[in-house]
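# Chains, contacts and geometry: an overview
What follows is each chain in one-letter form.
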Amino acid sequence: MKTMTCRQLGGPCDLAHQGKDADEVIVAQDKHLKEVVKAGDVPHQQARQEMKYRWLHPKKSLGWYNDMKAAYAELPED
């Protein structure tokens with residue numbers, strides 16, 4: 001299990017997301033962005049738009065995904 005923050009994943013806050021792999025952390029970030037933007041959080045709106053774009057255009061966003069997987073791999077275990 002490792003931890004990445006919203007900020008490490010491209011968001012504006014330091015909320016921690018934990019997962020057994022990078023994919024779990026990315027899905028947790030997506031859920032977080034959906035929830036806070038729905039609640040009216042303006043600072044997260046840009047990160048949410050970028051995340052939506054990545055889900056809709058995965059081939060174009062492969063660089064971001066590979067960067068996040070590499071960053072996750074470099075983290076120490078919790």
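So, here's what we can say about the structure. Just so you know, these numbers come straight off a predicted model, no measurement behind them.

## Quick look at helix α3 (residues 62-74)
Here α3 contains 13 residues, and its C-alpha end-to-end distance of 18 Å stays within 8% of the 18 Å for a straight helix at 1.5 Å per residue. Among the residues making up α3, those that are buried are W64, M68 and Y72. What you see down the axis of α3 is that its buried residues fit within an arc of 70°, all on one side. In α3, the exposed positions angled more than 90 degrees off the buried face are occupied by D67, A73 and E74.

## Considering the nonpolar core
Residues M4, L9, A22, V25, I26, L33, A47, M51, W64, M68, Y72 and L75 constitute the largest nonpolar core, which totals 12 residues. Elements supplying a minimum of two residues to this core: α1 (22-38), α2 (45-56) and α3. Those residues in contact with M4, other than ones at most four positions away along the chain, are L9, L15, A16, H17, V25, M68, A71, Y72 and L75.

## As for the packing of α1 against α2
Axis separation between α1 and α2 bottoms out at 9 Å; the angle between their running directions is 130°. By the angle class used here, α1 and α2 are oblique. By crossing handedness, the relation of α1 to α2 is classed as left-handed. Where α1 approaches α2, its residues I26, Q29, D30, L33, K34 and V37 are matched on the opposing element by Q45, A47, R48, M51 and W55. When the residues that make up the contact of α1 with α2 are grouped by side-chain class, the tally is 6 nonpolar, 2 polar and 3 charged.

What counts and how
- Residues numbered from 1 in each chain as written.
- Predicted model: local features only at pLDDT ≥ 70, side-chain atom pairs only at ≥ 80, totals over all residues.
- Heavy atoms only, no water.
- Helix = DSSP H or I, 4+ residues; strand = E, 2+ residues; numbered from the N terminus.
- Expected span 1.5 Å × (residues − 1).
- Buried < 20%, exposed > 50% of the residue type's maximum accessible area, 1.4 Å probe, protein only.
- Arc of directions from axis to C-beta.
- Core = buried A, V, L, I, M, F, W, Y, C linked by side-chain atoms within 4.5 Å.
- Contact = heavy atoms within 4.5 Å.
- Axes fitted to C-alpha atoms, helices over the stretch in contact; angles between N-to-C directions.
- Parallel < 35°, antiparallel > 145°, perpendicular 65-115°, else oblique.
- Left-handed = near helix turned anticlockwise from the far one by under 90°.
- Nonpolar A, V, L, I, M, F, W, Y, C, P; charged D, E, K, R; others polar.

Such coordinate-based values are descriptive only and should not be taken to indicate function.
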